[in-house]
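Structure assessment
Residues per chain, in single letters:
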Amino acid sequence: MVVLAVHGGAGGDGPWRGMTDADPLRLACMRKLLTELGTRLADGSLNALEAVTLAVEAMEDEPLFNAGRGSVLDAEGKVGMDASIMQGHDKAAGAVIGVSRSRHPIRIAHHLLTQGWPVMLAGEAADAYGDAQGVESVDPSWLKTDLRQAQWDKWRGQRLRPGATDEDDALLDHDGEQDGWGTVGAVALDRDGVLAAATSTGGMTGKPVGRVGDTPLIGAGTWADADVAVSCTGVGEAFIRTVAAHSLAVNHRSMPLEEAAQRVLDEVQPLGGRGGLIAVSRDGDVVLPFQTMLMYRGLYHEDGGVSVGIGPDMTA
Ligand code: ASP
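Owing to the predicted nature of the structure, the values given are computational and were not obtained by experimental measurement.

Counting buried residues in helix α3 (residues 105–115) gives eight out of 11 residues, a clear majority hidden from the surface. Buried residues of α3: P105, I106, R107, I108, A109, H110, L112 and L113, and no others. Packing partners of the buried residues in α3 comprise α2 (48–61), β2 (81–87), β3 (93–99), β4 (120–122), α4 (123–132) and β6 (195–201).

Written out as structure tokens, the structure reads:
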């Protein structure tokens, strides 16, 4: 049994209002990568670690998701990207914070994981490490899209006011408008029973410069062990304060995956942690729960089929 599941961020409040004009492109991106990478996982030519890395890279390249090119902009109008990756059987991990000129932050994290030490690098040191590993370097202006600039302009017009808290000021990517968080993540189970998880983000629109969310923090936004792999999305502060991804793994020692995941979302919610997650167990169980209006998500099935969804329903 192999599994590949992805998310492209959660967000919005209230009842599902249907797809926006940009949503078919997001769904097409997820469907394509799930079909290609799922097939390779199934025939054994791809392991879980490389599958989640390639899945996240594909979404980092899609400007409509909030990761890589198309990342949201911080309070100064700049891109600062976070990413992390973990492999289950040996708990190998890698993470980067505040990357600003690399096309694929998740690939830098992957190199750190493979190298084994250190686990985490921040800022220019992370970009420079990526250069040394052959990860493509890009002009920061290439990462910035018109859509994100427009979102930032709107944020600044509406939100920048004296006395506001940072959390009030920082918008999730799919907030405010229907297509507004777009953090991306992937979890996989390969033919050898190895699990892996990866998550990558530009953070939240208008985030304070230097703010670190849950995405690059092993145990908060990303976790994988021999039993389960997890990737989270949502207001990162609440996922950090509940060590959300690792909490799911602890819950799963004594309860089914679905319940273990729901308990995590129930715990983050009172702390302002609107969002969702994807998780796969070593038995091949998969859950993709969220408590926002939407979560972009998709799943490769062992029979070769792919399903994707945004609102409450998954479609084939
Ligand atoms: N968790 C991310 C962060 O707080 C945002 C997201 O998932 O959309 O940076």
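This brings us to the sheet that holds β6. If you trace the nine strands from one edge of the open sheet to the other, you get β4-β3-β2-β6-β5-β1-β11-β12-β13, paired in mixed fashion. Single-partner strands in this sheet number two, and they are β4 and β13 (314–315). Pairing geometry for strand β1 (residues 3–11) and strand β5 (residues 184–189), over five bridges, is antiparallel. Each residue of the ladder has a partner; that of L4, found in β5, is A188. Relative to the sheet, helix α1 (residues 23–42) contacts β1, β5, β11 (294–300), β12 (306–309) and β13, its axis offset from that of β11 by approximately 25°. Across the sheet, α2 is in contact with β1, β2, β5 and β6; its angle to β5 comes to roughly 155°.

Reading guide: rules and limits
Residue numbers run consecutively from 1 along every chain, following the written order of its sequence. The predicted origin of the model limits local features to residues at a pLDDT of at least 70 and limits the giving and counting of side-chain atom pairs to 80 or more, whereas totals for whole chains, interfaces and linings rest on all residues. Values reported for side chains reflect all heavy atoms of the structure, with hydrogen atoms and water molecules removed beforehand. Think of it in three bands: residues with accessible area under 20% of the maximum for their type are buried, residues over 50% are exposed, and the middle band is partly exposed, with areas taken using a 1.4 Å probe on protein chains only. Here a helix means four or more residues in a row that DSSP labels H or I, a strand means two or more in a row labelled E, and each is numbered from the N terminus. Contacts are assigned to residue pairs with any non-hydrogen atoms lying within 4.5 Å of each other. For two strands to count as paired, DSSP must find a minimum of two bridges between them. Lines fitted to the C-alpha atoms define the axes, with helices restricted to the stretch that makes contact. Angles between their N-to-C directions range from 0 to 180 degrees.

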